[in-house]
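# Geometric and topological summary
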Amino acid sequence: GDEVPLSSSSPPSTSEYSIANIGDGITVKTVIFDQAKLAKSSNLNKIISKSDLQPTVYEGGFKLWECSIDLARHLRSHPYVFKEKSVLDLGCGHGVPGITAIRGGAKLVGFQDLNIEVLKHVTIPNVLENVQEITFGKLQTVGAAVRFFSGDWRDNELANLLTAPTTRDSISERTRTNGGRWDLVLTSDTLYSLESIPWLVALIQKILADDGICLVAAKRYYFGIGGGVADLIKEVERTGVLEAKVVQIIDDGKSNLREIVRIARRSSIREEYEGGNNNDCNAHKKDDADDDEQKNEAESTPSAVKRKRDQ
C-alpha cells in the first residue's frame, strides 16, 4: 500500500464534471474520466477499453456506481454524528460517500482504492472540486484532514498503513486512542466478487475501532458474477466478533434491490437502529423463520409426536 499526496492530481479546472444528486437538492460534482489522461504505459488502458473491471487488477474505480449514491443519501438521511470522527471510504472510486462525510464535519477522512490512477484522476479531483480552500491536505472550510491510500485488501501492509496514527493537528490524539483505527468505514458496490468478500471483511475487522461502525451499500444479488449481501452477512458472522444487519432496502424499480448493511463489533452493536425500518430490514431472516415455523408445525403433528415416542 501507498499513501498518495493530494498534490499528485491534475487541477480540477482541467476536467469535466457531471452532477450527482444525494438528496434534498444537495449535489456532488463527479469528474467525467478522460482515458487520455492515463499514461500510455499504464496497464489499465487495455482493461478499461474492454471491461468495467478485472478482479485484483482494476475494480471499476473510474466509473460512478449507483450504490455509492445510495450510501451518500443514507448518510444524509440518518442521524450520523461526524464531528470529531475519523471516516474511511474503502474502495472509494469517485469518493462520493467520503465527500459527504467531509461536508458533514468529519475530522479525518481517508479514501482508499486499489489503483493509484483512480485516486489521481477521479477521487482527488472530486474532493478538490467539492470542498474548497485546501492547503497541505487540510480542508480549511470544514476543518477536516484528508488522506488518500492505494493498495490491495489482501496486502497486510495496507492494513498497517491505514491504521498508522496520523500526526496532523488535533486528530492525532483521537486516532492514537483508537490504535489508528477508524470510527466509520464506508464501502459501496464492493461485493460483486465472492472471492473478495473474505478479504474485505478481514480488513474491516482490522481497521474498525472498538465502538466503530461500517456501512456497506450493495446490490442484494450481483447476477451473473456471484456475490451479494447474503454472502457478506455470512462472512461477517464467521468472524465471531462482528455482526451485520440490513438497515435499509432501496427498491426504485430501476435495478435489482439494493441494501445498506451495518457492521459493528458484537460488544457494541445495538438491537435497534436509528431511522431503520425493522420490518423491511428483516428480509434476509424471513425465509429462515418461515422454514423454522414450518418445521415446528410438522414436528407437532400427531404422527410426528408418535414417531418421537416410538424412538
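Above: the structure in question.
Residues numbered from 1 in each chain as written. Predicted model: local features only at pLDDT ≥ 70, side-chain atom pairs only at ≥ 80, totals over all residues. Heavy atoms only, no water.

### Some details on the overall build of the chain
Stated precisely, the cut-off is as follows: Secondary structure elements follow DSSP: runs of H or I of four or more residues count as helices, runs of E of two or more count as strands, with numbering from the N terminus. A 1.4 Å probe rolled over the protein chains alone gives each residue an accessible area, and that area as a share of the maximum for its type sets the label: buried under 20%, exposed over 50%, partly exposed in between. The contact rule is simple, with two residues in contact once any of their heavy atoms fall within 4.5 Å. Here the accessible surface of atoms and residues is derived via Shrake-Rupley with a 1.4 Å probe, and residues count as covered only by protein chains that are part of the display.
Within the chain, the regular secondary structure consists of ten helices and twelve strands. Each of the 311 residues in the chain was classed as buried or not, and the buried ones make up 48%. Expressed as a percentage of contacts within the chain between residues at least 6 apart in sequence, the contacts between residues at least 24 apart total 67%. Of the roughly 15,200 Å² that the chain leaves accessible, carbon and sulfur atoms contribute 49%.

### A few points about the nonpolar core
The tendency in soluble globular proteins is for nonpolar side chains to be buried as a group. Stated precisely, the cut-off is as follows: Nonpolar core, defined: a set of buried Ala, Val, Leu, Ile, Met, Phe, Trp, Tyr and Cys residues in which side-chain atoms within 4.5 Å join the residues together.
Of all hydrophobic cores here, the largest spans 71 residues; its most connected members are Leu90, Phe111, Phe148, Leu162, Leu191, Leu232 and Ile263. Considering every element that reaches this core, the biggest residue donor is strand β10 (residues 208-219), with seven residues. Residues Leu38, Leu44, Val118 and Val122 belong to the second largest nonpolar core, which totals seven residues.

### Digging into the pairing of strand β4 (residues 86-90)
For a regular strand, side-chain orientation follows a simple rule: the groups alternate between the two sheet faces. Note the threshold: DSSP-based pairing: two strands are paired if at least 2 bridges between them are found.
Summarising burial for β4: five of the five residues are buried, a large majority. Along β4, one buried face is formed by Ser86, Leu88 and Leu90 and the opposite face, lined by Val87 and Asp89, is buried too. Here five bridges tie β4 to strand β5 (residues 108-113), and the two strands are oriented parallel to one another. In the strand pairing of β5, valine 87 is matched with valine 109.

### Concerning the packing of helix α3 (residues 96-103) against helix α4 (residues 116-130)
Rules: The axes are straight lines fitted to the C-alpha atoms, using for helices just the contacting stretch, and the angles between their N-to-C directions are given from 0 to 180°. The scheme is simple: roughly parallel for angles under 35 degrees, roughly antiparallel for over 145, roughly perpendicular for 65 to 115, oblique for anything else. What makes a crossing left-handed is the near helix being turned counterclockwise from the far one by less than a right angle; a clockwise turn instead makes it right-handed. When residue character is reported, Ala, Val, Leu, Ile, Met, Phe, Trp, Tyr, Cys and Pro are called nonpolar, Asp, Glu, Lys and Arg charged, and the others, Gly included, polar.
As a packed pair, α3 and α4 sit with axes 10 Å apart at the nearest point and diverge in direction by 30°. Relative to α4, α3 is oriented roughly parallel. In terms of crossing hand, the pair formed by α3 and α4 is right-handed. Residue-level inspection shows Ile99, Ile102 and Arg103 of α3 in contact with α4, the latter providing Asn126, Val127 and Asn130. Per-class residue counts for the contact of α3 with α4 are three nonpolar, two polar and one charged.

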